[in-house]
Structure formats: C-alpha cells, structure tokens
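Letter by letter, the chains look like this.
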Amino acid sequence: MKIAIVCPYDLGRPGGVQAHILSLADALRARGHEVWTVAPGSVGAPSHPTDGIARFGQSRAVSFNKTVIDISIAWGAEGRRLKVWLAEQNFDVIHFHTIWDPFLPLQVLAAAGPAARVATFHDTPPETFSGRLTRQFFKTICPFIARRVQRMTAVSPGLLGHLTPPSGTTVEILPPAIKLQTPSPDINPPVENGDVEILFLSRLEPRKGAEVLLRAFSVLEKSGVAARLKIVGSGDEEATLRQIIQNNKLQRVSLEGHVSEETKQAYLARADIFCAPALYGESYGLVLAEAMAAGLPIIAAANSGFRHVMREQAANCLVEPGDVDALASALRRLISSPVLRQELSTWGRNNWKQHDIETWVCEFEALYQSAIDARHHDH
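Residues numbered from 1 in each chain as written. Predicted model: local features only at pLDDT ≥ 70, side-chain atom pairs only at ≥ 80, totals over all residues. Heavy atoms only, no water.

Overview of the packing of aromatic side chains
Then, in step 1: Following the criterion strictly, the structure yields 6 aromatic pairs and no others.
Then, in step 2: Here the aromatic rings of F137 and F138 are separated by 6.0 Å at their centres, their planes lie at 50°, and the arrangement is tilted.
Then, in step 3: Following the ring pairs from residue to residue traces out a cluster consisting of W36, F56, W85 and F91.
Then, in step 4: Positioned over the ring face of F91 is K2, at 5.6 Å from the centre of the ring.
Then, in step 5: The ring centre of Y267 lies 4.9 Å from the NZ or CZ of R270, which sits over that ring. (Phe/Tyr/Trp six-rings, centres within 6.5 Å; stacked < 30°, edge-to-face > 60°. Lys NZ or Arg CZ within 6 Å of the ring centre and 35° of its normal.)

Rendered as structure tokens:
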C-alpha cells in the first residue's frame, strides 16, 4: 500500500501523537509499504519532501485548554504545492490524526482525491468551561467528519463520549502504540545505600502535574523520607517550578531540562520509581508504557487515559488527580517497600508489549485495507 499519515503537530516537538505516528510509519515501512508522514513545517526542517516526511506550511504553538497545541496552515503557494504533491502521489489511503486540529489536516482532507480516508481521535478535553465547549464542538463536527472518511478509530474508550458519528458508524479502539525499548533484565538494580530516585518525564505545562508532584515531594522531604526527584522536560511552567523549589527549600530536587531520546532512556534506566501525576487531557499514557518497558514501578494520576493503561495490580498505584496528600502517601508507600517496587516492576515487564507498535501494526494494515475496500465499494 501507499500510505500517508497526517500529523497536525510539529514533529520536532516531543509528544505522544508524534511518537506514535513516527513509530507506525517505521513499522509499516518494515512490512514493505511506502509511507509518507505529512506534517506542518518547523524552523530548521527541510521544506521539500525527504526521508518519508513532507512538510507544508508552518506550525505555531499556542496555549489552549491549559496545554499546547499547534495551529498550522499552508497558505498561498504552499497550499498549491500541497495539492499538487497529493495529486502526484496518488495514495491508496490517508490516515488523519486529530483531523479537526486547525488547519492542515482539513486541507489534506479537501485535497485527498480518490484515496481512502481513516481518522484517529486523540483528544480528551478537560472538565472546564472551555473543555465543555470543546466537547460540544467535537460532538457537532463529528458527523461531518464521519461522512468524509471510511473508518474512524479512537485511542481509548474514554474518547467515545464526545464522538457522535452517524448511526451505524463504528469507532474502533486502536491504541497509539510506539516503538518501545527492549527492556534489559538488570536495567534497574535495587537501591541499597542511598536515596530512592523518582523520575518525572514530560512537558512542563500545568496539566502534566509537575507542580502537584513538587508539593507532594516537599511533604516527603520535610518528613525525612530518603528519596530524590528528577524532573526531565521543558516548558512554560519551568519558572514556576523553580520558584516552588526555592520557596520550599527543597534540596533533593533537580530540573534536568529537555533531553535527547538516548539520554531519556538513561534516566529511565537509573530511576527507581516513575511518577506521572497528569491532571487531565491524557487520552492514553504512552509515557507509562515507556516506564513499564524500562521495568519501573509507576505512581500515576487516575485520569481517564492512565486508567486504561494502569490495570490489574498497577491500578492500586493510581491517585486522585491533583491530590497532593494522596500522591505523597502513594510515593511514601512505594519508597518504603522494595518488595512492592519489584512486584510492580515485574508486572510492567510482563505487560509492556501490549503497548508496542509491533503488536499492533497488523491491525493498522487491516484497518487500511478495510477503508480501501469501503472506498471502492462507495465508488
């Protein structure tokens, strides 16, 4: 098959959607398909199609619903170049991610021609006024999208509440799997003498919960718990976090900034506990899957996406989003119990493959073929 996968976000900015799209494209190529990733342009990225990536227009990061999204559009000559390129490629299927994100995916949809279309939804708006308005918008526009694609998928069941396709249209659940590192049996040596290391790994924006984690860690440090915290990532919240560290005189916290993929794996290998206290807006939880593959026990917030990943005994390590005391208590329990940490590490090692792209690539192939068959039937 000749496949285009449309990403609405800057591929140079870290994110679960981008990681899934790039992993899926590589897995499909490994199975003999020709795959292009279509994405907005970014500073320093080549403007001409190369290495399986075609960039059109420019992306601009903006804050919305207490997170960062990209707004992109291919104006003028760029828009014409997009239309010509799509016509020349003659794709069998075009796979749109977050198709209603303005505006590049909708431009591709308008110029898709005879290609079969698949739409995957990732959005989980917060329970705020703007979030409720966003959900209503999604419900309103969903039938419009459904009539213009052959297949629809969501990354987890939590999204189905704001997807309202026409009667008879099925929304399939397919997780946003990524290429995970193969875990080593001795990647996490037990702590003998020294602090237990807690790792936070995410963008520094309010919904990811780094501030909640800092306040919970302050409780632990002041009570003499032998632990240290490393916060890996960058974002607009960094100055706020530094101020909290200073105000609370926290001695065993470090802000590590943005790191490369190789360095990120080193942090995962050295840590003893992974903490993901995201408040809302998580449709799945790929960062949890990375921690599982590294053999890390996890403490996470019980948002809708993380609940989908943290099942069985790991569900006991979920805490109410935003509850500082509950998060501190859960961390204290795990810090004080090497046996529990080992049990949760074993659980992660036994379950990480269900989030790996190699487990799901055949499902995506079948989805594409089904969309192609439906497109031919319609015409």
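After presenting the structure, the write-up continues.
Details of the packing of helix α10 (residues 324-335) against helix α11 (residues 338-351)
Relative orientation and spacing of two packed helices are given, respectively, by the angle between their axes and the distance between those axes.
Then, in step 1: The geometry of α10 relative to α11 is characterised by a closest axis approach of 6 Å and an angle of 95° between their N-to-C directions. Here α10 lies roughly perpendicular to α11, going by the angle between them. Together, R333, L334 and I335 of α10 and L340, R341 and L344 of α11 make up the contact between the two elements.
Then, in step 2: Per-class residue counts for the contact of α10 with α11 are 4 nonpolar, no polar and 2 charged. (Axes fitted to C-alpha atoms, helices over the stretch in contact; angles between N-to-C directions. Helix = DSSP H or I, 4+ residues; strand = E, 2+ residues; numbered from the N terminus. Parallel < 35°, antiparallel > 145°, perpendicular 65-115°, else oblique. Contact = heavy atoms within 4.5 Å. Nonpolar A, V, L, I, M, F, W, Y, C, P; charged D, E, K, R; others polar.)

Thoughts on the pairing of strand β10 (residues 227-232)
Then, in step 1: Of all 6 residues making up β10, 5 are buried, and the element is well covered by its neighbours.
Then, in step 2: As defined by bridge partners, strand β9 (residues 196-201) adjoins β10 across 6 bridges and the pair is classed as parallel. Bridged to E197 within β10 is R228.
Then, in step 3: In terms of handedness, the path from β9 via helix α5 (residues 210-222) over to β10 forms a crossover that is right-handed.
Then, in step 4: As judged from the 4 bridges shared by β10 and strand β11 (residues 253-257), these two strands associate in the parallel manner. Among the inter-strand pairings, V232 is bridged to a residue of β11, identified as G257. (Buried < 20%, exposed > 50% of the residue type's maximum accessible area, 1.4 Å probe, protein only. Pairing = 2+ DSSP bridges. Right-handed = clockwise from strand over helix to strand, strands pointing away.)

A word on the packing of α5 against α10
Then, in step 1: Look at α5 against α10: their axes get within 8 Å of each other, and the N-to-C directions meet at 60°. It follows that α5 is oblique to α10 by the angle criterion. The interaxial crossing formed by α5 with α10 has right-handed handedness. For the pair α5 and α10, contact is made by V212, L213, R215, A216, V219 and L220 and by V324, L327, A328, L331, R332 and I335, respectively.
Then, in step 2: Residue composition of the contact of α5 with α10, grouped by class: 10 nonpolar, no polar and 2 charged. (Left-handed = near helix turned anticlockwise from the far one by under 90°.)

Focus on the sheet that holds β10
Then, in step 1: Taken in spatial order, the 6 strands of this open sheet run β11-β10-β9-β12-β13-β14, and their pairing is parallel. With one partner strand each, in any of the chains shown, β11 and β14 (318-319) form the two edges of the open sheet.
Then, in step 2: For strand β12 (residues 273-276) and strand β13 (residues 298-301), the ladder comprises 3 bridges, and the chain directions are parallel. Its bridge partner being in β13, A276 is matched across the sheet by A300.
Then, in step 3: Lying on the sheet, α5 is in contact with β9, β10, β11 and β12; it crosses β10 at an angle near 165°.

A short note on the pattern of salt bridges
Then, in step 1: On inspection of all chains with the given rule, the structure shows 16 salt bridges.
Then, in step 2: Between E205 and R207 there is a salt bridge, with its nearest N and O atoms 3.0 Å apart.
Then, in step 3: Overall, R207 belongs to the buried group, its relative accessible area being 9%.
Then, in step 4: Here E282 makes a salt bridge to K208, at a shortest N to O gap of 2.8 Å. Note that E282 is positioned in the loop between β12 and α8 (286-293) and K208 in the loop between β9 and α5, a separation of 74 residues in sequence.
Then, in step 5: The class of E282 is buried, set by a relative accessible area of 10%. (Salt bridge = Lys/Arg side-chain N within 4 Å of Asp/Glu carboxyl O.)

Some thoughts on helix α12 (residues 357-378)
Then, in step 1: The end-to-end C-alpha separation of α12 is 31 Å, in line with the 32 Å expected for 22 residues at 1.5 Å each.
Then, in step 2: All buried positions along α12 are accounted for by I357, V361, F364, E365, L367, Y368, A371, I372, A374 and R375.
Then, in step 3: Packing partners of the buried residues in α12 comprise β1 (2-6), α1 (16-30), β5 (93-97), β6 (116-121), β7 (151-154) and β8 (171-173).
Then, in step 4: The residue sitting at the N-terminus of α12 and contributing the capping side-chain oxygen is D356; that oxygen lies 3.0 Å from the backbone nitrogen of E358. (Expected span 1.5 Å × (residues − 1). Polar contact = N/O pair within 3.5 Å; in protein donor to acceptor, adjacent residues only side chain to side chain.)

Some details on the nonpolar core
One recurring pattern in soluble globular proteins: nonpolar side chains tend to sit buried together.
Then, in step 1: With 65 residues, the main nonpolar core has F274 and L331 as its most contacted residues.
Then, in step 2: In terms of residue count, the dominant contributor to this core is α5 (7 residues).
Then, in step 3: Residue contacts for F274: discarding those within four places in its chain leaves L199, L201, L268, V287, L288, A291, L296, P297, I298 and I299. (Core = buried A, V, L, I, M, F, W, Y, C linked by side-chain atoms within 4.5 Å.)

Quick word on the confidence of the model for the chain
Then, in step 1: Residues of the chain with pLDDT of at least 70 account for 94%, and the chain-wide mean is 91.
Then, in step 2: Throughout residues 186-192 the model reports pLDDT below 50, and contacts reaching past four residues in sequence, or to other chains, amount to 14 contacts. (pLDDT = per-residue confidence, 0-100.)

Notes on unusual backbone geometry
In terms of backbone geometry, most residues other than glycine have negative phi values and most peptide bonds are trans.
Then, in step 1: With an omega dihedral of -5°, the bond running from P102 to F103 counts as a cis peptide bond.
Then, in step 2: Locating F103 in the fold gives a position in the loop between β5 and α3 (104-110).
Then, in step 3: A positive phi angle is found at D51, which is not glycine, with a value near 55°.
Then, in step 4: Turning to its location among the elements, D51 is positioned in the loop between β2 (34-41) and β3 (53-64).
Then, in step 5: A residue is classified by how much of its surface remains accessible, and D51, at 71% relative accessible area, is exposed.

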